[in-house]
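Examining the three-dimensional arrangement
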Amino acid sequence: MADAAAEEIQPQKTAWLAFLDDQAESNIYHNKIQAMVKHKQCRLVVNLNDLRRRNTELANAVLHDPMLNMRAGQIALKELVDGIDSTFSREMDGAFFVGLEGGFGGQHVTPRGLSARLLGKMVCVEGIVSKCSLIHPKVVRSVHYCPKTQASMERTYRDATSIDGMPTVGLYPQEDEEGNKLVTEYGLSVYKNHQRLTIQEMPERAPTGQLPRSIEIISDNDLVDVAKPGDRVQIMGMYRALPSKQGGSTTGVFRTVLLANNIVIMGMDEQSANFTDQDLKNIRRVSKGVGKSKEPPFEVLSRSLAPSIHGHEQIKKGILCLLLGGMEKNLKRGGHIRGDINVLLVGDPSCGKSQLLRYVQNSAPHCITTTGRGSSGVGLTAAVTTDQDTGERRLEAGAMVLADRGIVCIDEFDK
């Protein structure tokens, strides 16, 4: 069975070896592998654009049949690491991984875009981390010892989230074939880190009036603890459906997860708006003053803010200062002064407070809206919730955390 599986992935492994062992050409990935070994890391990140330039067929196969091709890439990477430092390869027990980055084309989606046509394929999903579970050790190989016969045995475990082969069947061994008790040698057993995340759609990309959708992420080994609640991330991984049997029967509706292959924290550059040449010309023209009187830009912008609401000049100027933000200061003695500006609107009913809030929500590139009535003080920052599946406690981000480096609009704050 193992020989048949090895023969099946031999062409893909040969293609991966030809791509990664590029000493005679650009020498990019050979140097990356050497740096990975030097820094005692276990994951090599491959750019899909480089893979397309060198081997278009392999790049398409990785996107559309990742189960077979990513396993072949991991085996090829292990062979190259063996040739560089066999001692390090034995220390890592051959557990080396290939991560992906670059252009995913039509498979670069948000959680709302994950549909049945993408099942079993490699995708890139963007969103905000809303929940993080604790890190648990997950058994990969267990070693058992029988005191009566003084014999030892090993067992390897794979589940539906593994790409190394078919899931293993059978329970955790307590007795050998003759009924003798077995003792688990925990020091000789091999474990891997395991964590579950939930990312949800970015609020500014969700359709108006609809709740953001979310997807569960499973991250193992070195990808645990890379992201925390509130981070905006790009997660590359395999979109899989996990079987759900209850009483030996199934409803035909499966739970879907994303098996993380690489996690990238999005910086401010990726989140910033893209301005056209015409936009830049208009910005420069407004900055020099508008009209014959050369009216200052601050006056023009404040008057343009929520133009459907008459008056409230000072309030609009205050909201404009909030949108523009202040200047952060890092003091020489080590202190830090925030540049954030907060605005509290107090007034009679029907004065346009909520309308001003809604205008800010539609104008700001990164904005979260909530109500004081619908969330407590803990719900605005973070909350510890209990997972329904495992019963463990996990940290869930609130509106203030999700709006980090942006604006949070709280209506009915007094409630």
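**Some words on helix 2 (residues 10–20)**
- All buried positions along helix 2 are accounted for by Gln12, Lys13, Ala15, Trp16, Phe19 and Leu20. Considered in projection along helix 2, the buried side chains sweep an arc of 160 degrees and stay on one side of the axis.

**Overview of the packing of aromatic side chains**
- Summed over the entire model, instances satisfying the criterion amount to 1 aromatic pair.
- Where Trp16 meets Phe19, the ring centres are 6.3 Å apart and the plane angle is 80 degrees; that geometry is what we call edge-to-face. With Trp16 and Phe19 both in helix 2 and 3 residues apart, this pair spans about one turn of that helix. Per residue, the accessibility class of Trp16 equals that of Phe19, and both read buried.

**Here we look at helix 3 (residues 28–38)**
- Along helix 3, the residues that are buried comprise Tyr29, His30, Ile33, Met36 and Val37. Seen from one end, helix 3 has its buried residues packed into an arc of 120 degrees, which puts them on one side.
- Residues of helix 3 that are buried make contact with helix 2, strand 1 (43–47), helix 4 (48–54), helix 6 (66–84) and helix 7 (86–91).
- Looking at the residues trailing helix 3, positive phi occurs at Lys40, about 55 degrees.

**Some thoughts on the packing of helix 3 against helix 6**
- Two elements in contact, helix 3 and helix 6, have axes separated by 10 Å at closest approach and are oriented at 70 degrees. Comparing the axis directions of helix 3 and helix 6 gives the class roughly perpendicular. Along this stretch, helix 3 crosses helix 6, giving a crossing that reads as right-handed. For the pair formed by helix 3 and helix 6, the contact residues are Ile33, Gln34, Met36 and Val37 on the first element and Leu77, Leu80, Val81 and Ile84 on the second.

**Description of the pattern of salt bridges**
- Applying the stated criterion to the full structure yields 7 salt bridges.
- Between Arg112 and Glu201 there is a salt bridge whose closest N-O contact spans 3.0 Å. Taken as a pair, Arg112 in the loop between strand 3 (108–109) and strand 4 (122–132) and Glu201 in the loop between strand 8 (190–200) and strand 9 (214–220) lie far apart in primary sequence, 89 residues in all.
- Residue Glu201 is classed as buried on the basis of its relative accessible area, which comes to 1%.
- Salt-bridge contacts for Arg255 lead to Glu216; the nearest nitrogen and oxygen are separated by 2.7 Å. Of this pair, Arg255 sits in strand 11 (residues 255–265) while Glu216 sits in strand 9, and the two are 39 residues apart along the sequence.
- Judged by relative accessible area, Arg255 falls into the partly exposed class, the value being 35%.
- When its relative accessible area of 18% is taken as the criterion, Glu216 is described as buried.
- Three or more residues are tied together by salt bridges with common partners; here these are Arg196, Glu216 and Arg255.

**Some points on the environment of Tyr29**
- Within the element layout of this structure, Tyr29 appears in helix 3.
- For the pair Tyr29 and Val45, spaced 16 residues apart in sequence, the C-alpha to C-alpha distance is 9.2 Å.
- When sequence neighbours within four positions are dropped, the list of residues in contact with Tyr29 reads Phe19, Leu20, Asp22, Val45, Val46, Asn47 and Asp50.

**Some thoughts on the nonpolar core**
- In terms of nonpolar packing, the biggest core is built from 40 residues, with Trp16, Leu20, Val46 and Leu77 touching the most fellow members.
- The biggest single contributor to this core is helix 6, with 7 residues.
- In this structure Val46 touches Trp16, Phe19, Leu20, Tyr29, Val98, Gly99, Leu100 and Glu101, once residues within four positions along its chain are discounted.
- The next biggest cluster of nonpolar side chains, apart from the first, holds 19 residues, and it includes Val109, Val123, Ile217 and Tyr239.

**Considerations on the pairing of strand 2 (residues 97–101)**
- Taking burial as the measure, the 5 residues of strand 2 include 4 buried ones, the bulk of the element.
- In terms of strand pairing, strand 1 meets strand 2 through 5 bridges, oriented parallel. Note that in strand 2 the partner of Arg43 across the bridge is Phe97.

**Points about unusual backbone geometry**
- For Lys40, which is not glycine, the phi dihedral falls at a positive 55 degrees.
- By the secondary structure assignment, Lys40 is in the loop between helix 3 and strand 1.
- For Asn221, which is not glycine, the phi torsion reads 55 degrees and is therefore positive.
- Relative to the elements of secondary structure, Asn221 occurs in the loop between strand 9 and strand 10 (232–242).

**With respect to a nonpolar patch on the surface**
- Taken together, the side chains of Tyr172, Tyr186 and Tyr191 define a hydrophobic patch exposed on the protein surface, amounting to about 330 Å² of accessible area.
- Residue position: Tyr191 is located in strand 8.

**Focus on the side chain of Asn262**
- Within the secondary structure layout, Asn262 lies in strand 11.
- Those residues in contact with Asn262 that sit more than four places away from it in its chain are Val45, Gly99, Leu100, Glu101, Leu223, Gln234, Ile235 and Met236.

What counts as what
Residues numbered from 1 in each chain as written. Predicted model: local features only at pLDDT ≥ 70, side-chain atom pairs only at ≥ 80, totals over all residues. Heavy atoms only, no water. Buried < 20%, exposed > 50% of the residue type's maximum accessible area, 1.4 Å probe, protein only. Helix = DSSP H or I, 4+ residues; strand = E, 2+ residues; numbered from the N terminus. Arc of directions from axis to C-beta. Phe/Tyr/Trp six-rings, centres within 6.5 Å; stacked < 30°, edge-to-face > 60°. Contact = heavy atoms within 4.5 Å. Axes fitted to C-alpha atoms, helices over the stretch in contact; angles between N-to-C directions. Parallel < 35°, antiparallel > 145°, perpendicular 65-115°, else oblique. Left-handed = near helix turned anticlockwise from the far one by under 90°. Salt bridge = Lys/Arg side-chain N within 4 Å of Asp/Glu carboxyl O. Core = buried A, V, L, I, M, F, W, Y, C linked by side-chain atoms within 4.5 Å. Pairing = 2+ DSSP bridges. Patch = residues over 30% accessible without salt bridge, like charges linked within 9 Å, V, L, I, M, F, W, Y side chains within 5 Å. Areas by Shrake-Rupley, 256 points an atom, 1.4 Å probe, with all protein chains shown as cover.

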